[in-house]
Each structure stands twice: as structure tokens, then as C-alpha cells.
Amino acid sequence: MPRRRKKKYKIRWGRFLTVLLVPLLLLSVLFFHFTGDAFQDKLTDIGYTKEEITYLKKNLSVENLNLLKEYEHLSYLEDLLKTDGYKEENFSSYLTYIENLKEDYDLANVVYLVNENISYPYSLKLVQIVQHPYFIRERLDRYMAYQEEDVNTIITNVNSNLDYEFYTHMMPSDTSKETLLIVNKFYYLEKDYHYGELVTMEKAYDNKNGSKLNQTAYEAFKKLVDDAEKEGYHIRNNSAYRSYETQNNLYNDYKNSNGLTWADKWSARPGHSEHQTGLALDVGVKDEYVLGKFETSKEFPWMKENAHRYGFILRYPKEKQYITGYGYEPWHYRYVGVDVATYIYEHDITFEEYYAYFVENK
Ligand SMILES: [Zn+2]
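No experiment lies behind these values; they were computed from the predicted model shown.

## A word on unusual backbone geometry
As a rule of thumb, non-glycine residues mostly have phi less than zero, and peptide bonds are mostly trans rather than cis.
Alright, step 1. The residue Asn161 is not glycine, and still its phi comes out positive at about 70°.
Alright, step 2. Take Asn161: it is sitting in the loop between helix H9 (151-159) and strand S1 (171-172).
Alright, step 3. Judged by relative accessible area, Asn161 falls into the buried class, the value being 4%.
Alright, step 4. One non-glycine residue with positive phi stands out, namely Glu178, at about 55°.

Set out below in C-alpha cells:
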């Protein structure tokens, strides 16, 4: 009996060795092959030096090292790891992205596109779009759909909503933006809205009687008029705050006498007039009521070069009519505060562009 038992144990022990240890041994050989030498040989073949391979081993997880066997062109590896913005968690995405490229690329661009999770196929145009200073991530699909080659134009136009027709895709203006709220052919105000407190303008600043303007804008305008006076320029208000009702009547008068196209070019539909904010005004020379005459006055160039120092912008410039949707209005100024006005003046952009990039989603 004891002999038999002994024999039995011997058989079990032998099986244990064969069934468990041998596969374990084989597995560990395989394991070392794939984590250690497989990529090492591959990288050596590609032309990496020992030092470079050591660097990669040091800076990549075993998991990422193992990924290497699935990819063909790996000569960029070390550069990739040293590229600004590189994230190890995106390693396999970078490799897949690069592997599928059909053209020359810049690693920094690839890293940027992958980090931003941009799935459009790589192209120079795509890179230029996403790296444009006024690129807005949320509008990527709209940029890509816009039929235009020049990237500056794409960014400017889509940021200004020009991929939509005027008076379509209309949205209520976000009045929490206060002096930076926007009103145009896409954004409208509720019927009874105006920004902040309206005050009645003193006669010294007004060609009319009892015009109203937002208090902050008015204080700035008074300073502007006073400073201009000191230099011999006589700037006055010709039209400031207008209620929804007033605008409604005005617009309908224009439409009835000159037609819809003319009315839409020179006047705003009710709710879409900047005059309703209380932050805009049409300026003129003292005792000169005809808006069109302002452009030929000596006050006009002064206003154009100095208004931003008081927080006002020329809202509908000559070269930007296709963006603003309005004819050139040398007389129409909008209060946005000194910093914003100065930025817009110095960068020669419209409020539409400024708003999209700096205000809307901030
Ligand atoms: Zn106006």
C-alpha cells in the first residue's frame, strides 16, 4: 500500500511539472521577447542608437512599448516624445494618426490635432484652421463645411456667422455680457430691454432734445465731446437710444418707401437695432443733423482716430459691410469700454469677430 501511494505522488509531481511549469517557462520567454527584445530589434533596424532606445524605454510604459510592434514607420518616436504638448495617454492615437497620413506632416501639428481630439483627415488647411488665432473649437464643423480656400476668410466669416443667411438662426442676445452684449442680424433684444440705466443727455452734447443714453456710455461720450471741443472739434449726438417701438416704426417706414433690401441695408429690424441697447449713438457736428454730412467734416477723422480712447468703436466700417450686414455708417458709434475698443481699433476687426472669440463662450 505505501509503495503505491508513493508512486501516485510521483506521477502527480511529474504532471505538475509538465502541465504548469513548462508553459510558465514558455510564457515568460514570450513575455520577455515582446516587452524587451522585439521592439529593441525593430528600433535598431530602423536606425535608433542604443542611447535612443534606452531613452524610449525610460519614457514609455510597457504597454506603449508593446504597441510598437503594430506600427511600421517609427523613425519619429523620439521626436514625438519631445514635442510640446505630447501626452503619453495619447501615444497610440498619435501613432495611428501618423500611420494613416498620406502627406508630409509636422509633429507639433499632429500632437495638437490628436490632443484636441480632431478627427478630420490631416491637411495643411485643417492645421491652419485649428492654429488660427481666432479659431473656436466649437465651430470646427462649420469651418470645415465653409466653401472657401483662404483660411483667414473662413475664420472671419464663420466667426461672424456668415455661413448663415442674415435674419436666420436667430438667437436672443446674451445680456449678461453687459456692455459687450451683441445685437445684429442674428442676435436680438427682447421688446422692453435696454442695458442699465438710461439718462437724458444735456443739450451741450445733443443736437436734439431729450435724447437718452446708457449712463456709462454717456459719461464716456461727455468726456469725448469735452476733449474734442478743447481741440476745436464740435461733436454732438444725433440719435442715441431708440425703443423697440420707435425702431419698428422707423424700419417699416424705410421698408414701405424704399423696399426690403434697402431697409435691411440701412436700418435694423425691430429688436435687432443696436440703438435699443442704449450703448450706441449716431454722431454729427454741432447743429448738423444730416448723418451723411458727417464723413466730410473735420470732426470725422478726429472721431475715427480717437473714439476708442473713450471706449467707442466705429461699428459699421466701410470695408466690413459684408460682415456687419450694414452699409458703411461713418456716424454710428458703439460703447464697449476702452480696453475692448482699443483692441478692436488696433486689430482692425469688427465687433462680430471680437464677440465670437473673446466674449461669447467666456
Ligand atoms: Zn446708428
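## Concerning the coordination of the zinc ion
Alright, step 1. In this structure, His275 (NE2), Asp282 (OD) and His332 (ND1) serve as the protein donors to the zinc ion, at separations of 2.1 Å.
Alright, step 2. Spacing between the donor residues of the zinc ion along their common chain follows H-x6-D-x49-H. One end of the pair, His275, is in the loop between helix H12 (260-266) and strand S6 (280-285); the other, His332, is in strand S8 (residues 332-335), with 57 residues separating them in the sequence.
Alright, step 3. Residue class for His275 comes out buried when judged on its relative accessible area of 3%.

## So, the sheet that holds strand S5 (residues 235-239)
Across a sheet, strands are paired by hydrogen bonds formed along the backbone, either parallel or antiparallel in direction.
Alright, step 1. Read from one edge of the open sheet, four strands run S5-S6-S8-S7, paired in antiparallel fashion. Only two strands of the sheet have a single partner each, and these edge strands are S5 and strand S7 (312-314). The mean angle between the axes of side-by-side strands here comes to 45°, regardless of whether they run parallel or antiparallel.
Alright, step 2. Bridge analysis of S5 against S6 gives four bridges, and the strand direction is antiparallel. Bridge pairing in S6 places Ile235 opposite Val285.
Alright, step 3. Packed on one face of the sheet, helix H13 (residues 299-306) meets S5, S6, S7 and S8 and runs near 90° to S5.

## Considerations on the pattern of salt bridges
Alright, step 1. What the rule picks out here adds up to 17 salt bridges.
Alright, step 2. A salt bridge links Lys125 to Glu149; its shortest N-O distance comes to 3.8 Å. Of this pair, Lys125 sits in helix H7 (residues 124-130) while Glu149 sits in the loop between helix H8 (140-145) and H9; the two residues are 24 residues apart in sequence, bridging distant segments of the chain.
Alright, step 3. A salt bridge links Arg315 to Glu352; the nearest nitrogen and oxygen atoms lie 2.8 Å apart.

## Here we look at the environment of Leu314
Alright, step 1. Mapped onto the fold, Leu314 is located in strand S7.
Alright, step 2. Expressed as a C-alpha distance, the spacing of Leu314 and Gln128, which sit 186 residues apart in the sequence, is 30 Å.
Alright, step 3. Residues in contact with Leu314, not counting those within four places in the same chain, are Lys304, Tyr328, Glu329, Pro330, His332 and Tyr333.

## Structural notes on the environment of Leu124
Alright, step 1. Position of Leu124 relative to the elements: it lies in helix H7.
Alright, step 2. Separated by 18 residues in the primary sequence, Leu124 and Asp106 place their C-alpha atoms 9.7 Å from one another.

## Digging into the pairing of S8
Alright, step 1. Of the two faces of S8, the one lined by His332 and Arg334 and the one lined by Tyr333 and Tyr335 are each fully buried.
Alright, step 2. Pairing of S6 with S8, which is carried by three bridges, proceeds in the antiparallel orientation. Following the sheet pairing, Ala280 is matched in S8 by Arg334.

## Some remarks on the packing of aromatic side chains
Alright, step 1. In total, this model carries 21 aromatic pairs according to the counting rule given.
Alright, step 2. Plain terms: the ring middles of Tyr134 and Tyr357 are 5.3 Å apart, the flat faces sit at 65° to each other, and that makes the pair edge-to-face. Residue Tyr134 is located in the loop between H7 and H8, and its partner Tyr357 is located in helix H16 (residues 351-359); the two are separated by 223 residues in the primary sequence.
Alright, step 3. Here Tyr134 and Phe358 contribute two aromatic rings whose centre-to-centre distance is 6.1 Å and whose plane-to-plane angle is 75°, an arrangement assigned as edge-to-face. A residue pair is termed long-range when its members are at least 10 positions apart, and Tyr134 in the loop between H7 and H8 and Phe358 in helix H16 qualify at 224 residues.
Alright, step 4. Classification of Tyr134 by relative accessible area gives buried; the value is 16%.
Alright, step 5. Through pairs of rings, three or more aromatic residues link up here, namely Tyr134, Tyr343, Tyr354, Tyr357 and Phe358.
Alright, step 6. Between Lys185 and the ring centre of Phe166, over which it is positioned, the NZ or CZ distance is 5.3 Å.
Alright, step 7. Here the guanidinium or amino end of Arg269 rests over the ring plane of Tyr167, the centre of that ring lying 3.8 Å away.

How each quantity is defined
- Residues numbered from 1 in each chain as written.
- Predicted model: local features only at pLDDT ≥ 70, side-chain atom pairs only at ≥ 80, totals over all residues.
- Heavy atoms only, no water.
- Helix = DSSP H or I, 4+ residues; strand = E, 2+ residues; numbered from the N terminus.
- Buried < 20%, exposed > 50% of the residue type's maximum accessible area, 1.4 Å probe, protein only.
- Donors = N, O, S within 2.8 Å, 3.2 Å for Na, K, Ca; no water.
- Pairing = 2+ DSSP bridges.
- Axes fitted to C-alpha atoms, helices over the stretch in contact; angles between N-to-C directions.
- Contact = heavy atoms within 4.5 Å.
- Salt bridge = Lys/Arg side-chain N within 4 Å of Asp/Glu carboxyl O.
- Phe/Tyr/Trp six-rings, centres within 6.5 Å; stacked < 30°, edge-to-face > 60°.
- Lys NZ or Arg CZ within 6 Å of the ring centre and 35° of its normal.

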